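# Remarks on the overall topology
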Amino acid sequence: GETESGILRFAVAGEDLDGLVLAMKPPSRLRGRLTLDGGSPGLPRLTNVVLRPAFSEDFGLLNPPMTVADDGTFEMTEVTGTGMLRLYHAPAGLFLKAILLDGTDVTNVPLAFSAYEGRRLEVQLTERPAGIAGTVSEDGRPSLDYVAIAYPEDPALWTPRTTRVAVARQDPQGRFAIRGVPP
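Residues numbered from 1 in each chain as written. Predicted model: local features only at pLDDT ≥ 70, side-chain atom pairs only at ≥ 80, totals over all residues. Heavy atoms only, no water.

## Considerations on the sheet that holds strand 7 (residues 104–105)
Strand pairs in the sheet, formed through backbone hydrogen bonds, run parallel or antiparallel to each other. We apply this condition: At least two bridges found by DSSP between two strands are what make those strands a pair. Secondary structure elements are taken from DSSP: a helix is a run of H or I of four residues or more, a strand is a run of E of two residues or more, and numbering for both begins at the N terminus.
Pairing in this open sheet of six strands is mixed, and the strands run 3-4-1-9-6-7 from one edge to the other. Each edge of the sheet is formed by a strand with only one pairing partner; in this case those strands are strand 3 (66–68) and strand 7. In this structure, strand 6 (residues 95–101) lies alongside strand 7, joined through two bridges in antiparallel fashion. Considered in strand 7, the bridge of leucine 101 is made with threonine 104.

This is how it looks when you write it as structure tokens:
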């Protein structure tokens, strides 16, 4: 049968803890559709796309089984815990644009994966990602030792595993480029 899992938070403060109860739950099954810039051209090449949960607090399978059909519909099984979905192993040139649950953007919202079950899940991909590029200079010369960090002005959006914070190192000419940032 299916392997159940559970999570229980507790703090040990120098005394024994008695009476803890761990409630076990069956894994979730997520079904949805991959779309490319809101349409369907090029979907057959999306069959190699891999989505994985990015766990914000729970542990579970790091690579739950996932199948993607030629029409872009997908199914993930054995998904447990709470977190966000992330795109891994996308074909070159494809980036995550948004993850919509019943039309609401949940890209950076940790949810219990059981909340996805039976609901309309759309993973929007794009071939036209936003980007940031530039150079850092010191005394009029390109700096060759820095890290560029892009993040939103609103600190409330600086959450773990967010797609809204990106980092890049400089190239040998002192330039940096960050691709795939959300609009």
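## As for the pattern of salt bridges
Filter applied, for reference: Salt bridge, as applied in this entry: a Lys or Arg side-chain nitrogen positioned within 4 Å of an Asp or Glu carboxyl oxygen. For every residue, the accessible area obtained with a 1.4 Å probe (protein chains only) is divided by the maximum for its type, and the residue is called buried under 20%, exposed over 50%, and partly exposed between those limits.
By the definition in use, this model includes five salt bridges. Here arginine 31 ties to glutamate 75 by a salt bridge, and the two come within 2.7 Å at their closest N and O atoms. In this pair, arginine 31 sits in strand 1 (residues 28–36) while glutamate 75 sits in strand 4 (residues 73–79), placing the two residues 44 residues apart along the sequence. Take glutamate 75: its relative accessible area is 21%, and that puts it in the partly exposed class. Aspartate 102 is the partner of arginine 119 in a salt bridge, and the nearest nitrogen-oxygen pair spans 2.8 Å. Linking arginine 119 in the loop between strand 8 (111–112) and strand 9 (121–126) with aspartate 102 in the loop between strand 6 and strand 7, this pair joins segments that are 17 residues apart in sequence. According to the relative accessible area criterion, arginine 119 is partly exposed, its value standing at 37%. A residue is classified by how much of its surface remains accessible, and aspartate 102, at 36% relative accessible area, is partly exposed.

## Observations regarding the nonpolar core
Convention followed: Here, nonpolar core refers to any group of buried Ala, Val, Leu, Ile, Met, Phe, Trp, Tyr and Cys residues whose side-chain atoms link them within 4.5 Å.
In terms of nonpolar packing, the biggest core is built from 20 residues, with Leu30, Phe74, Leu85, Tyr116, Leu121 and Leu125 touching the most fellow members. Among the nonpolar cores identified, the runner-up in size contains eight residues, and Ala150, Ala166, Phe176 and Ile178 belong to it.

## Remarks on the confidence of the model for the chain
Our working rule: Per-residue confidence from the predictor is reported as pLDDT, a score between 0 and 100.
Predicted confidence across the chain gives a mean pLDDT of 82, with 85% of residues reaching 70 or more. Taken element by element, the chain is modelled with least confidence in strand 2 (residues 50–55), mean pLDDT 68, and with most confidence in strand 7, mean pLDDT 94.

## Let's talk about the packing of aromatic side chains
What describes a pair of aromatic rings is the distance from one ring centre to the other and the angle between the planes of the rings. Threshold: A pair of aromatic rings is counted whenever rings of Phe, Tyr or Trp (Trp by its six-membered ring) have centres within 6.5 Å, and the orientation is called stacked for planes under 30 degrees apart, edge-to-face for over 60 and tilted otherwise.
Under the defined criterion, the tally for this structure stands at three aromatic pairs. Residues tyrosine 151 and tryptophan 158 carry aromatic rings whose centres are separated by 5.1 Å and whose planes lie at 90° to one another, so their mutual orientation is edge-to-face. Residue class for tryptophan 158 comes out partly exposed when judged on its relative accessible area of 44%.

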